[in-house]
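Now for the letters of each chain:
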Amino acid sequence: RGAELYLVSSEHLGAWMRTPAHLEALDGWLGSLFSGVRYVLYVRRQEDRILSLYSQALRAGSTEGLGTFVRAHLRLDYHEVATLGAGALGRDRFDLRLLERDARAGGDLIRDYCAAAGIDPEGLERPERENEALSVAAATFLRELNRRLEPRGGAGPRSNPMMKGVQERLTRWYAGDRKLRLSPRQVATIREANAETNARLCAEFFPQRKALFAE
């Protein structure tokens, strides 16, 4: 109450990045609460995001293998998302940023976000890392467990109360194990599928860069 700056950060805001009407409705609502609203959106390499989406899918009850999942989610068109955001909100209020180390202020995400938000990062308490990537062993265990948990009432494994405890323990049990990774061929296939739209995004929003994502 009475603060000059109010920050809202939520991955669920991505659900509003579907149509201009969705964004305009969100912007209208936020505009009724605050005197000015700006948006900061980070994009990460498609291969990293797909691997993250796969971990989320396993936690939600999926039984898909990694290869099958990758083939179904090859294309993630960031250019379409950015064009939608800039068009509905205005380029002056839509700050598109890259999660690449060479694109972040001081190579640090928190410092970069503070720079975007106009905050002095000195003295801020840094949060602990959470929701780390699944290990190969944890992903295999979770996928097999999902297969064995019979859906009840159509809700699936995610509704089973034991799942939260199992996932928390899996993270601890396999904390030091080899993390789940895409193969070089999978990475190359994903990059090829998104090369054209990434190039368009780079040219329009990051003309100072040779490529959206450095090799």
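That block above? That's the structure.
Residues numbered from 1 in each chain as written. Predicted model: local features only at pLDDT ≥ 70, side-chain atom pairs only at ≥ 80, totals over all residues. Heavy atoms only, no water.

A. Quick peek at the overall build of the protein. Along its length, the protein carries 8 helices and 2 strands. The order of α-helices and β-strands along the protein, N terminus first, is α-β-α-α-α-β-α-α-α-α. Looking at the protein as a whole, 36% of its 215 residues qualify as buried. A sequence separation of at least 24 residues applies to 72% of the contacts in the protein between residues at least 6 apart. With an accessible surface of roughly 14,000 Å², the protein has 51% of that area assigned to carbon and sulfur atoms. (Helix = DSSP H or I, 4+ residues; strand = E, 2+ residues; numbered from the N terminus. Buried < 20%, exposed > 50% of the residue type's maximum accessible area, 1.4 Å probe, protein only. Contact = heavy atoms within 4.5 Å. Areas by Shrake-Rupley, 256 points an atom, 1.4 Å probe, with all protein chains shown as cover.)

B. Focus on the packing of aromatic side chains. Per the counting criterion, the structure on display carries 2 aromatic pairs. With a centroid separation of 5.2 Å and an interplanar angle of 55°, the aromatic rings of Tyr 54 and Phe 69 are classed as tilted. Taken together, the positions of Tyr 54 in helix α2 (residues 46-59) and Phe 69 in helix α3 (residues 66-72) put the pair 15 residues apart, joining distant regions of the chain. The burial state of Tyr 54 is the same as that of Phe 69; both residues are buried. Arg 91 extends its terminal NZ or CZ atom over the ring of Phe 205, reaching a point 4.0 Å from the ring centre. (Phe/Tyr/Trp six-rings, centres within 6.5 Å; stacked < 30°, edge-to-face > 60°. Lys NZ or Arg CZ within 6 Å of the ring centre and 35° of its normal.)

C. Quick peek at the nonpolar core. Core analysis: the biggest nonpolar cluster contains 39 residues, and Phe 94 and Leu 96 have the highest contact counts within it. Within the residue set of this core, elements represented by two or more residues are α1 (20-33), β1 (39-43), α2, α3, α4 (78-89), β2 (94-98), α6 (136-148) and α8 (184-205). Considering every element that reaches this core, the biggest residue donor is α4, with 6 residues. If we ignore the near neighbours within four places in the chain, the residues touching Leu 96 are Leu 41, Val 43, Ala 82, Leu 201, Phe 205 and Phe 206. (Core = buried A, V, L, I, M, F, W, Y, C linked by side-chain atoms within 4.5 Å.)

D. Up close: the layout of surface pockets. Taken as a whole, the second largest pocket holds about 250 Å³ of empty space. Lining the second largest pocket are 13 residues; nearest its centre among them are Asn 198, Ala 211, Leu 212, Phe 213 and Glu 215. Counting residues per element, the lining of the second largest pocket draws most heavily on α8, at 5 residues. (1 Å grid on protein atoms, 1.4 Å probe; cavity = no way out; pocket = protein on both sides within 12 Å on 5 of 7 lines; lining within 4 Å. Points joined across faces, edges and corners; volume = space filled by probe spheres on them.)

E. How the structure looks around α1. Taking 1.5 Å of rise per residue, 14 residues should cover 20 Å, and α1 covers 20 Å from first to last C-alpha, within 8% of that figure. For α1, every residue scored as buried is listed here: Leu 23, Leu 26, Asp 27 and Leu 30. Taken down its axis, α1 places every buried residue within 95° of arc, on the same side. Relative to its buried face, α1 has exposed residues pointing more than 90 degrees away, namely Ala 21, Trp 29 and Ser 32. Structurally, α1 contributes buried residues whose contacts are with β1 and α4. (Expected span 1.5 Å × (residues − 1). Arc of directions from axis to C-beta.)

Interpretation in functional terms is not warranted from these geometric data alone.
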